Amino acid sequence: MTAITSIAEPSVAYHPSKIGSPGKPWGVEEYKLWRETRPKQRCYFADLAPRIRALGDITCSQTKAKLFEVVQYGELPHHDGDADQLTGLAADSSGFPLYAVRSADWSSEKRNVFITGGVHGYETSGVEGAILFLTSGRAAHYARHFNVLVAPCVSPWGYERIQRWTAKGTDPNRSFNPDGEVVEGRSFNPEAATDESTALIRFLRKDMGHVEEWTCHLDLHETTDTDETEFRPAKLARDGIVDDGEKGEIPDGFYLVQDETSPTPEWFTAMIESVRKVTHIAPADADGKIIGESLSQEGVISIPCKKSLGLCAGVTNAPYRTTTEVYPDSPSASPEQCNRAQVACIEGALDHLLSVL
């Protein structure tokens, strides 16, 4: 393998496995090189931010009252050397505004629901599914019964560059508990805090600090082919681990990630059955597992406590919590289906809660 230590064209997207030296963890220069070789492929400011702000204009068809308000809960900084490869202009020095959308008539009499999308910015249906849920015809129905808080795009830098990591080379969906225990050989381990996770945690603790109990948190994600072709090799290179050539199997279909400390099988069944009407459910592999993890029921894998692992879905005290996983690269699923599958999962989750709580 040829190590890359410098570049002439920052817009060239070198494969991250070729950055640095095999078996040696990245240093400052390798991280900088990695960031500078992640080209911008779409624009948060033009494509997404205006659509999020417009969610504050959604009204109830009967009362004409606004259903949601949009708040800016933080600002994600740009980084030295960032430039807009789409326009050739320097990056906006003001940074990325971070938005949340919440019920306009927040009430202590209602149960509290939290939905996050775009924690991994490259997972498009997480972002689009969160927005589609709010713009769908049933948004008013759920707003009558729940206080709803949605952060549609937690990681806008990753959204623009279609990257899993933050600009600093950290997995944001392992960064919500940087003091968590790292277990050697475990597929899920916490990483350092990120600007993305810090901003969201601060918002929950301060602006939303009046919420003592969350009922439900759905964190919307995807499992993609690039998880295996790009991001697994990138993590090995970053951490100085020599690739043994063993490849993982990407599941074809939708599945959910269950926190083993939150066993709510009927809730998971309701979500799986709702999604099944839109797209197919991922089958287990030859070993009876999905992404190397054991199943607790059809289409549901079980992992250790999400808070201890630094996963976003463990950031609240919600007893009903899960991470969704859509497979957008499936020949049997379109991007529209993936977006609708995220919405179907949310609706299945909330319909079940309405029936039992």
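Residues numbered from 1 in each chain as written. Predicted model: local features only at pLDDT ≥ 70, side-chain atom pairs only at ≥ 80, totals over all residues. Heavy atoms only, no water.

## As for the overall build of the protein
Inclusion rule: Only DSSP runs of H or I with at least four residues qualify as helices, and only runs of E with at least two residues qualify as strands; both kinds are numbered from the N terminus onward. In this setup the radius of gyration rests on C-alpha atoms only. A globule is expected at 2.2 Å times the number of residues raised to 0.38. Burial here depends on accessible area, computed with a 1.4 Å probe over protein chains only, as a share of the maximum for the residue type. Under 20% is buried, over 50% is exposed, and the range in between is partly exposed.
Scanning the protein from N- to C-terminus turns up ten helices and ten strands. Relative to a compact globule of 357 residues, whose C-alpha radius of gyration would be 21 Å, the protein shows 20 Å and is just as compact. Along the first, second and third principal axes, the C-alpha set of the protein runs to 60 × 50 × 40 Å. Relative to its full complement of 357 residues, the protein shows a buried share of 55%.

## Observations regarding the packing of aromatic side chains
Put simply, the rule reads: Two rings from Phe, Tyr or Trp (for Trp, the six-membered ring) form a pair when their centres sit within 6.5 Å of each other. Planes less than 30 degrees apart are called stacked, planes more than 60 degrees apart edge-to-face, and all others tilted.
With the rule as written, the count across this model stands at 14 aromatic pairs. Taken together, a centroid distance of 6.2 Å and an interplanar angle of 75° make the contact between Trp106 and Trp214 edge-to-face. A residue pair is termed long-range when its members are at least 10 positions apart, and Trp106 in the loop between strand E2 (96-103) and strand E3 (111-117) and Trp214 in the loop between helix H6 (195-205) and strand E5 (216-222) qualify at 108 residues. Overall, Trp214 belongs to the buried group, its relative accessible area being 6%. A connected cluster of aromatic rings, assembled from ring pairs, spans Trp26, Tyr31, Trp34, Trp157 and Trp165.

## Thoughts on helix H1 (residues 28-36)
Going by this rule: Contacts between residues were defined by any pair of non-hydrogen atoms, one from each residue, lying within 4.5 Å.
What H1 keeps buried is the set Leu33, Trp34 and Arg35. Elements in contact with the buried residues of H1: helix H5 (156-161).

## Some remarks on the pattern of salt bridges
Condition: The rule for a salt bridge is simple: a side-chain nitrogen of Lys or Arg has to be within 4 Å of a carboxyl oxygen of Asp or Glu.
For the structure on display, the rule yields 21 salt bridges. One salt bridge in this structure joins Glu36 and Lys32, with 2.5 Å as the shortest N-O distance. Separated by four residues within a single helix, Glu36 and Lys32 lie in helix H1, roughly one turn from each other. Residue Arg238 is joined to Asp239 by a salt bridge in which the shortest nitrogen-to-oxygen separation is 2.8 Å. In this structure Arg238 comes out as buried when scored by relative accessible area, which is 6%. For Asp239, a relative accessible area of 27% gives the class partly exposed. Taken together, the salt bridges that share partners define one network made up of Glu191, Lys235, Arg238 and Asp239.

## What about the sheet that holds strand E10 (residues 320-326)?
Counted only if it meets this: Pairing between strands is defined by DSSP: at least two bridges between the two strands are required. Under this scheme, a helix contributes an axis fitted over its contacting stretch, all axes are lines through C-alpha atoms, and angles between N-to-C directions fall in the 0 to 180 degree range.
Strand order in this open sheet of ten strands is E1-E2-E4-E3-E5-E10-E6-E9-E8-E7, and the pairing throughout is mixed. Since the sheet does not close on itself, it has two edges, and those belong to strand E1 (68-76) and strand E7 (289-290), each with one partner. Examined bridge by bridge, E2 and strand E4 (residues 146-151) share two bridges and lie antiparallel to one another. Within E4, the position partnered with Val101 by the bridge is Val150. Sitting on the sheet, helix H10 (residues 335-356) touches E3, E4, E5, strand E6 (255-259) and E10, and the angle it makes with E5 is about 165°.

## Concerning the packing of helix H2 (residues 44-54) against helix H3 (residues 124-135)
Put simply, the test is: Under this scheme an angle from 65 to 115 degrees is roughly perpendicular, one under 35 degrees roughly parallel, and one over 145 degrees roughly antiparallel; angles in between are oblique. Here a crossing is taken to be left-handed if its near helix is turned anticlockwise relative to the far helix by less than a right angle, and right-handed if that turn runs clockwise.
At their nearest, the axes of H2 and H3 sit 11 Å apart, and the two run at 25° to each other. Between H2 and H3, the interaxial angle falls into the category roughly parallel. Between H2 and H3 lies a crossing whose hand is left-handed. Contacts between H2 and H3 involve Leu48, Arg51 and Ile52 on the former and, on the latter, Val127, Glu128 and Ile131.

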